[in-house]
Amino acid sequence: MLVCAGLLAGLGIWQLERRVWKHELIAAVESRAHGTPAAAPGPGAWSAITARTDAYRRVTATGTLLNDRATLVKAVTERGSGYWVMTPLKTRDFTLLVNRGFIPDAMRDKVPAGPGYLQVTGLLRVTEPGGGFLRANEPRANRWYSRDVAAIASAHGLGQVAPYFIDADATPNPGGWPVGGLTVVKFPDNHLVYALTWFGLCAMALWGAWFIGWRRGSAQ
(Lines give C-alpha, C1' and ligand atoms only; values in the text may rest on other atoms or scores of the structure.)
Protein backbone atom coordinates (compact mmCIF):
# COMPACT_ATOMS: atom_id res chain seq x y z
CA MET A 1 0.00 0.00 0.00
CA LEU A 2 2.88 2.37 0.79
CA VAL A 3 4.52 1.61 -2.55
CA CYS A 4 1.18 2.26 -4.28
CA ALA A 5 0.83 5.56 -2.41
CA GLY A 6 4.31 6.59 -3.54
CA LEU A 7 3.48 5.84 -7.17
CA LEU A 8 0.20 7.76 -6.97
CA ALA A 9 1.94 10.75 -5.39
CA GLY A 10 4.48 10.67 -8.22
CA LEU A 11 1.70 10.73 -10.80
CA GLY A 12 0.13 13.73 -9.04
CA ILE A 13 3.43 15.64 -9.09
CA TRP A 14 3.88 14.75 -12.77
CA GLN A 15 0.47 16.24 -13.59
CA LEU A 16 1.40 19.47 -11.78
CA GLU A 17 4.57 19.66 -13.86
CA ARG A 18 2.51 19.05 -17.00
CA ARG A 19 0.20 21.89 -15.94
CA VAL A 20 3.14 24.31 -15.76
CA TRP A 21 4.24 23.17 -19.24
CA LYS A 22 0.69 23.60 -20.61
CA HIS A 23 0.45 27.15 -19.29
CA GLU A 24 3.78 28.01 -20.90
CA LEU A 25 2.54 26.53 -24.19
CA ILE A 26 -0.71 28.50 -24.04
CA ALA A 27 1.20 31.73 -23.40
CA ALA A 28 3.55 31.04 -26.33
CA VAL A 29 0.68 30.24 -28.71
CA GLU A 30 -1.27 33.34 -27.68
CA SER A 31 1.81 35.44 -28.36
CA ARG A 32 2.31 33.91 -31.83
CA ALA A 33 -1.35 34.06 -32.83
CA HIS A 34 -1.70 37.76 -32.04
CA GLY A 35 1.74 38.93 -33.13
CA THR A 36 2.72 40.94 -36.18
CA PRO A 37 2.50 38.68 -39.25
CA ALA A 38 5.80 37.55 -40.75
CA ALA A 39 6.45 36.19 -44.23
CA ALA A 40 5.49 32.55 -44.64
CA PRO A 41 8.65 30.41 -44.23
CA GLY A 42 10.36 29.46 -47.47
CA PRO A 43 12.13 26.21 -48.42
CA GLY A 44 15.27 27.07 -46.48
CA ALA A 45 13.33 27.04 -43.19
CA TRP A 46 11.06 24.04 -43.79
CA SER A 47 13.26 21.44 -42.12
CA ALA A 48 13.21 23.39 -38.84
CA ILE A 49 9.43 23.87 -38.61
CA THR A 50 7.78 22.02 -35.72
CA ALA A 51 4.40 22.16 -34.04
CA ARG A 52 6.02 23.11 -30.74
CA THR A 53 7.86 26.16 -32.07
CA ASP A 54 5.80 27.33 -35.04
CA ALA A 55 2.16 26.22 -34.81
CA TYR A 56 -0.32 29.13 -34.79
CA ARG A 57 2.35 31.65 -35.80
CA ARG A 58 0.78 34.56 -37.69
CA VAL A 59 2.12 34.68 -41.25
CA THR A 60 1.36 36.23 -44.61
CA ALA A 61 1.89 35.13 -48.22
CA THR A 62 1.13 36.51 -51.66
CA GLY A 63 0.62 34.58 -54.87
CA THR A 64 -1.75 33.03 -57.37
CA LEU A 65 -4.56 30.74 -56.20
CA LEU A 66 -4.86 27.48 -58.15
CA ASN A 67 -8.64 27.23 -57.80
CA ASP A 68 -8.90 24.22 -60.12
CA ARG A 69 -6.88 22.17 -57.60
CA ALA A 70 -8.85 22.98 -54.47
CA THR A 71 -9.49 20.16 -51.99
CA LEU A 72 -12.45 19.87 -49.64
CA VAL A 73 -11.64 18.49 -46.19
CA LYS A 74 -14.45 17.43 -43.87
CA ALA A 75 -14.92 19.86 -40.98
CA VAL A 76 -17.12 20.41 -37.96
CA THR A 77 -17.15 24.01 -36.75
CA GLU A 78 -19.22 26.45 -34.72
CA ARG A 79 -21.20 26.96 -37.94
CA GLY A 80 -22.02 23.28 -38.22
CA SER A 81 -20.83 20.48 -40.50
CA GLY A 82 -19.17 21.20 -43.80
CA TYR A 83 -15.76 21.47 -45.42
CA TRP A 84 -12.51 23.37 -45.28
CA VAL A 85 -11.53 24.71 -48.71
CA MET A 86 -7.83 23.93 -49.14
CA THR A 87 -6.44 25.78 -52.15
CA PRO A 88 -2.83 25.86 -53.40
CA LEU A 89 -1.21 29.29 -53.47
CA LYS A 90 1.71 29.61 -55.87
CA THR A 91 4.08 32.30 -54.61
CA ARG A 92 7.13 33.59 -56.41
CA ASP A 93 9.41 31.01 -54.77
CA PHE A 94 7.25 28.08 -53.66
CA THR A 95 3.75 26.64 -53.33
CA LEU A 96 1.76 26.26 -50.12
CA LEU A 97 -1.77 25.25 -49.19
CA VAL A 98 -4.21 27.84 -47.88
CA ASN A 99 -7.29 26.92 -45.88
CA ARG A 100 -9.48 29.65 -47.30
CA GLY A 101 -12.21 28.86 -44.79
CA PHE A 102 -15.41 26.92 -44.18
CA ILE A 103 -18.36 26.12 -46.45
CA PRO A 104 -21.51 24.16 -45.42
CA ASP A 105 -22.34 20.73 -46.83
CA ALA A 106 -24.85 22.22 -49.26
CA MET A 107 -22.07 24.11 -51.07
CA ARG A 108 -19.90 21.07 -51.77
CA ASP A 109 -20.69 21.10 -55.50
CA LYS A 110 -20.48 24.88 -55.94
CA VAL A 111 -17.34 25.99 -54.15
CA PRO A 112 -16.75 29.73 -54.66
CA ALA A 113 -13.47 30.34 -56.48
CA GLY A 114 -11.03 32.77 -54.95
CA PRO A 115 -9.40 35.71 -56.71
CA GLY A 116 -6.58 34.77 -59.03
CA TYR A 117 -4.05 36.88 -57.15
CA LEU A 118 -4.25 36.95 -53.38
CA GLN A 119 -2.46 38.21 -50.32
CA VAL A 120 -3.45 36.00 -47.40
CA THR A 121 -2.80 36.48 -43.71
CA GLY A 122 -3.49 33.78 -41.18
CA LEU A 123 -2.09 31.19 -38.82
CA LEU A 124 0.59 28.67 -39.71
CA ARG A 125 -0.63 25.12 -39.09
CA VAL A 126 1.45 21.97 -39.36
CA THR A 127 0.30 19.13 -41.58
CA GLU A 128 -2.27 16.61 -40.29
CA PRO A 129 -1.21 13.27 -41.79
CA GLY A 130 -3.35 10.17 -42.00
CA GLY A 131 -6.92 11.27 -41.46
CA GLY A 132 -9.42 12.02 -38.72
CA PHE A 133 -10.68 10.03 -35.75
CA LEU A 134 -11.42 6.49 -37.00
CA ARG A 135 -11.42 7.79 -40.59
CA ALA A 136 -8.50 7.50 -42.96
CA ASN A 137 -8.11 9.86 -45.90
CA GLU A 138 -9.07 8.29 -49.24
CA PRO A 139 -7.22 10.27 -51.94
CA ARG A 140 -8.46 8.10 -54.83
CA ALA A 141 -12.08 8.69 -53.79
CA ASN A 142 -11.34 12.36 -53.01
CA ARG A 143 -12.49 11.93 -49.42
CA TRP A 144 -10.46 13.88 -46.92
CA TYR A 145 -10.81 13.95 -43.15
CA SER A 146 -7.60 15.78 -42.25
CA ARG A 147 -5.44 18.43 -43.84
CA ASP A 148 -2.60 16.14 -44.89
CA VAL A 149 -0.37 18.47 -46.91
CA ALA A 150 1.84 15.85 -48.56
CA ALA A 151 -1.10 13.59 -49.54
CA ILE A 152 -3.14 16.49 -50.95
CA ALA A 153 -0.13 17.75 -52.91
CA SER A 154 0.48 14.27 -54.34
CA ALA A 155 -3.19 13.77 -55.27
CA HIS A 156 -3.25 17.04 -57.22
CA GLY A 157 0.21 16.83 -58.75
CA LEU A 158 1.49 19.92 -56.95
CA GLY A 159 5.02 18.65 -56.54
CA GLN A 160 6.96 19.85 -53.53
CA VAL A 161 4.94 22.14 -51.28
CA ALA A 162 5.51 23.72 -47.87
CA PRO A 163 5.10 21.21 -44.99
CA TYR A 164 2.47 23.45 -43.42
CA PHE A 165 -0.69 25.26 -44.46
CA ILE A 166 -2.18 28.64 -43.59
CA ASP A 167 -5.55 29.03 -41.90
CA ALA A 168 -6.83 32.27 -43.47
CA ASP A 169 -8.02 34.95 -41.08
CA ALA A 170 -11.54 36.42 -40.94
CA THR A 171 -11.04 38.81 -43.87
CA PRO A 172 -14.34 38.43 -45.81
CA ASN A 173 -14.26 36.63 -49.15
CA PRO A 174 -16.35 37.91 -52.08
CA GLY A 175 -19.89 36.61 -51.64
CA GLY A 176 -19.23 35.74 -48.00
CA TRP A 177 -17.87 32.23 -48.63
CA PRO A 178 -15.68 30.50 -47.58
CA VAL A 179 -15.69 31.84 -44.02
CA GLY A 180 -12.20 32.21 -42.59
CA GLY A 181 -10.99 32.97 -39.10
CA LEU A 182 -12.54 29.88 -37.50
CA THR A 183 -9.32 28.43 -36.14
CA VAL A 184 -9.86 27.14 -32.61
CA VAL A 185 -6.88 28.11 -30.46
CA LYS A 186 -7.75 26.34 -27.22
CA PHE A 187 -5.90 23.77 -25.17
CA PRO A 188 -7.83 21.88 -22.47
CA ASP A 189 -6.21 22.25 -19.06
CA ASN A 190 -7.35 19.28 -16.99
CA HIS A 191 -4.03 18.65 -15.31
CA LEU A 192 -5.06 20.11 -11.95
CA VAL A 193 -8.11 17.83 -11.85
CA TYR A 194 -5.93 14.84 -12.72
CA ALA A 195 -3.37 15.82 -10.06
CA LEU A 196 -6.05 16.12 -7.37
CA THR A 197 -7.41 12.72 -8.40
CA TRP A 198 -3.99 11.07 -8.05
CA PHE A 199 -3.36 12.79 -4.71
CA GLY A 200 -6.80 11.68 -3.50
CA LEU A 201 -6.02 8.08 -4.42
CA CYS A 202 -2.64 8.47 -2.71
CA ALA A 203 -4.42 9.59 0.48
CA MET A 204 -6.70 6.56 0.26
CA ALA A 205 -3.70 4.26 -0.12
CA LEU A 206 -2.02 5.84 2.91
CA TRP A 207 -5.20 5.42 4.92
CA GLY A 208 -5.35 1.79 3.81
CA ALA A 209 -1.75 1.25 4.90
CA TRP A 210 -2.49 2.82 8.31
CA PHE A 211 -5.66 0.75 8.72
CA ILE A 212 -3.87 -2.51 7.92
CA GLY A 213 -1.12 -1.63 10.38
CA TRP A 214 -3.67 -0.73 13.06
CA ARG A 215 -5.59 -3.99 12.58
CA ARG A 216 -2.42 -6.03 12.83
CA GLY A 217 -1.43 -4.14 15.98
CA SER A 218 -4.87 -4.72 17.50
CA ALA A 219 -4.73 -8.44 16.66
CA GLN A 220 -1.49 -8.80 18.60
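So, here is what we can say about the structure in this document. Predicted model, so just to flag it, every value in this text is computed and none were measured. (Residues numbered from 1 in each chain as written. Predicted model: local features only at pLDDT ≥ 70, side-chain atom pairs only at ≥ 80, totals over all residues. Heavy atoms only, no water.)

1. Let's talk about the pattern of salt bridges
For step 1, the next point in the chain: Counting across every chain of the model gives 8 salt bridges.
For step 2, the next point in the chain: A salt bridge links Arg92 to Asp93; the shortest N-O distance between them is 3.8 Å. Considered together, Arg92 and Asp93 belong to a single accessibility category, that of exposed residues.
For step 3, the next point in the chain: One salt bridge connects Glu128 with Arg125, and the closest N-O pair in it is separated by 3.9 Å.
For step 4, the next point in the chain: Judged by relative accessible area, which is 23%, Glu128 ranks as partly exposed.
For step 5, the next point in the chain: When salt bridges with common partners are traced through the structure, they connect Arg125, Glu128, Arg147 and Asp167 into a single cluster. (Salt bridge = Lys/Arg side-chain N within 4 Å of Asp/Glu carboxyl O. Buried < 20%, exposed > 50% of the residue type's maximum accessible area, 1.4 Å probe, protein only.)

2. Observations concerning the pairing of strand β5 (residues 95–104)
For step 1, the next point in the chain: Along β5, 9 of the 10 residues are buried, which leaves the element largely enclosed by surrounding structure.
For step 2, the next point in the chain: In terms of strand pairing, strand β4 (residues 80–90) meets β5 through 8 bridges, oriented antiparallel. Bridge pairing in β5 places Tyr83 opposite Ile103.
For step 3, the next point in the chain: Count of turn residues in the β4/β5 antiparallel hairpin: 4 residues. (Helix = DSSP H or I, 4+ residues; strand = E, 2+ residues; numbered from the N terminus. Pairing = 2+ DSSP bridges.)

3. Focus on the pairing of β4
For step 1, the next point in the chain: Burial runs high along β4: 8 of the 11 residues are buried.
For step 2, the next point in the chain: Where strand β2 (residues 58–65) meets β4, 2 bridges bridge the pair, whose relative direction is antiparallel. Considered in β4, the bridge of Leu65 is made with Leu89.
For step 3, the next point in the chain: Inspection of the sheet shows strand β3 (residues 71–77) paired to β4 by 7 bridges, in the antiparallel sense.

4. Quick word on the layout of surface pockets
For step 1, the next point in the chain: What the largest pocket holds in volume is close to 390 Å³.
For step 2, the next point in the chain: Along its surface, the largest pocket is lined by 19 residues, and Trp84, Arg147, Leu182, Thr183 and Val184 are the ones closest to its centre.
For step 3, the next point in the chain: Among the residues forming the lining of the largest pocket, the class breakdown is 7 nonpolar, 6 polar and 6 charged. (1 Å grid on protein atoms, 1.4 Å probe; cavity = no way out; pocket = protein on both sides within 12 Å on 5 of 7 lines; lining within 4 Å. Points joined across faces, edges and corners; volume = space filled by probe spheres on them. Nonpolar A, V, L, I, M, F, W, Y, C, P; charged D, E, K, R; others polar.)

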